[in-house]
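Spelled out, the chains give:
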Amino acid sequence: MTRYVLRRLGQSALTLVLVSIVVFLGVRAMPGDTARALAGEETTPEALAAIRRQYGLDQNIAVQYARYVEHAATGDLGTSARTGLPVVDGIFDALPVTLELALLSLLLAVVVGVGAGVVAAVRRGRPAEWIANTVALLGLSVPNFWLGIVLILGFAIAVPLFAASGFVPFGTDPLENLRRMVLPVAVLGSGLAAVVMRQTRAAMLESLSADYVRTARAKGLAPYQVVGGHALRNSLVTVVTVLGVQLGHLVSGAVVTEQIFVLPGFGKLMIDAIFTRDYAMVQGVVLFTATGYILVNLAVDLLYSVIDPRIRLGGAQ
């Protein structure tokens with residue numbers, strides 16, 4: 001088990017280094033002059049030269065990267081050109097919004113997707129499966145921006161049950177927070193729920209036809225024990241894999257969803273930074289998001305070994 005964990009940690013560390021290089025070079029490949037963006041459009045050549053010296057922009061790219069890694073390792077991601085505040089402060093101000101949106105959407109996807117997938121597999125060839133497949137197809141086909149607009153028109157304007165925009169922290173007013181998060185969570189979680197449902201159904205159909213399930217039935221176990229204790233448990237590796245991979249969908253989908261519902265999360269932070277050429281903020285948000293993605297996938301890899309001991313034993317060799 002220790003070797004398995006160390007191997008996954010080493011792979012994650014190498015991935016993080018590669019991501020930092022790609023982010024660093026990608027931001028510098030963006031159009032525009034970083035020094036001019038920091039100083040403003042109307043400035044003197046002397047002021048531009050002073051800014052380049054201050055931020056190390058007059059040095060070669062290798063030295064700039066080494067300095068960037070040194071500062072990032074201490075939690076210093078630079079200063080926002082738009083607000084004049086540390087990038088870390090802007091990230092941690094927006095993090096609770098995106099984190100809540102992602103976690104609630106993930107919860108919706110697991111509850112609806114896994115439940116519908118199990119029902120569709122157990123009730124194969126019956127109306128329940130047809131309904132689940134139809135709803136999943138709609139969830140995969142409908143774009144987030146269109147669904148968001150329709151939900152706003154239907155449930156915030158025509159029937160004002162929920163708020164159309166804005167965010168209230170959970171600690172300030174829990175009920176109002178949930179009222180404002182219902183529609184964004186429905187938009188972001190519906191597509192992921194559809195993917196989880198289809199993958200769960202496919203994995204469950206394979207498990208239900210396996211020898212160990214037939215043996216469990218022959219022993220006289222109750223249907224819920226066969227489905228939940230044997231078939232579903234052995235299908236969880238597939239479900240966990242899908243959830244780990246689809247984290248990228250949550251992050252990218254949150255950009256659109258947060259813009260539609262005017263949520264002050266990572267999506268709005270990134271869009272504002274791009275439009276104002278706030279390169280330090282863009283670089284910080286992308287690096288922070290990529291780091292979170294790597295950590296989640298590391299957690300998924302370790303969770304495999306808990307669900308299926310064969311993976312742990314195979315990885316330790």
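Here, the structure is the one placed above.
Every value quoted in this text rests on a predicted model; they were computed, and no experiment measured them.

### Observations concerning the overall build of the chain
Here is step 1 of the chain: When you go through the chain residue by residue, the secondary structure sums to 14 helices and 0 strands.
Here is step 2 of the chain: The helix and strand sequence of the chain, counted from the amino end, reads α-α-α-α-α-α-α-α-α-α-α-α-α-α.
Here is step 3 of the chain: Restricting to contacts in the chain with at least 6 residues of sequence separation, those with at least 24 account for 72%.
Here is step 4 of the chain: Accessible surface computed for the chain: about 17000 Å², of which carbon and sulfur atoms make up 67%.

### A closer look at the pattern of salt bridges
Here is step 1 of the chain: Applying the stated criterion to the full structure yields 5 salt bridges.
Here is step 2 of the chain: Taking the shortest distance from any N to any O, the salt bridge between Lys 268 and Asp 272 comes out at 3.0 Å. One end of the pair, Lys 268, and the other, Asp 272, are both in helix α12 (residues 266-275), 4 residues apart, so they sit about a helical turn from each other.
Here is step 3 of the chain: Take Asp 272: its relative accessible area is 23%, and that puts it in the partly exposed class.
Here is step 4 of the chain: Via salt bridges that share partners, Glu 176, Arg 179 and Arg 180 belong to a single interconnected network.

### Quick notes on unusual backbone geometry
Here is step 1 of the chain: Despite not being glycine, Val 262 has its phi angle at roughly 50°, a positive value.
Here is step 2 of the chain: On the secondary structure map, Val 262 appears in the loop between α11 (247-260) and α12.

Parameters at a glance
Residues numbered from 1 in each chain as written. Predicted model: local features only at pLDDT ≥ 70, side-chain atom pairs only at ≥ 80, totals over all residues. Heavy atoms only, no water. Helix = DSSP H or I, 4+ residues; strand = E, 2+ residues; numbered from the N terminus. Contact = heavy atoms within 4.5 Å. Areas by Shrake-Rupley, 256 points an atom, 1.4 Å probe, with all protein chains shown as cover. Salt bridge = Lys/Arg side-chain N within 4 Å of Asp/Glu carboxyl O. Buried < 20%, exposed > 50% of the residue type's maximum accessible area, 1.4 Å probe, protein only.

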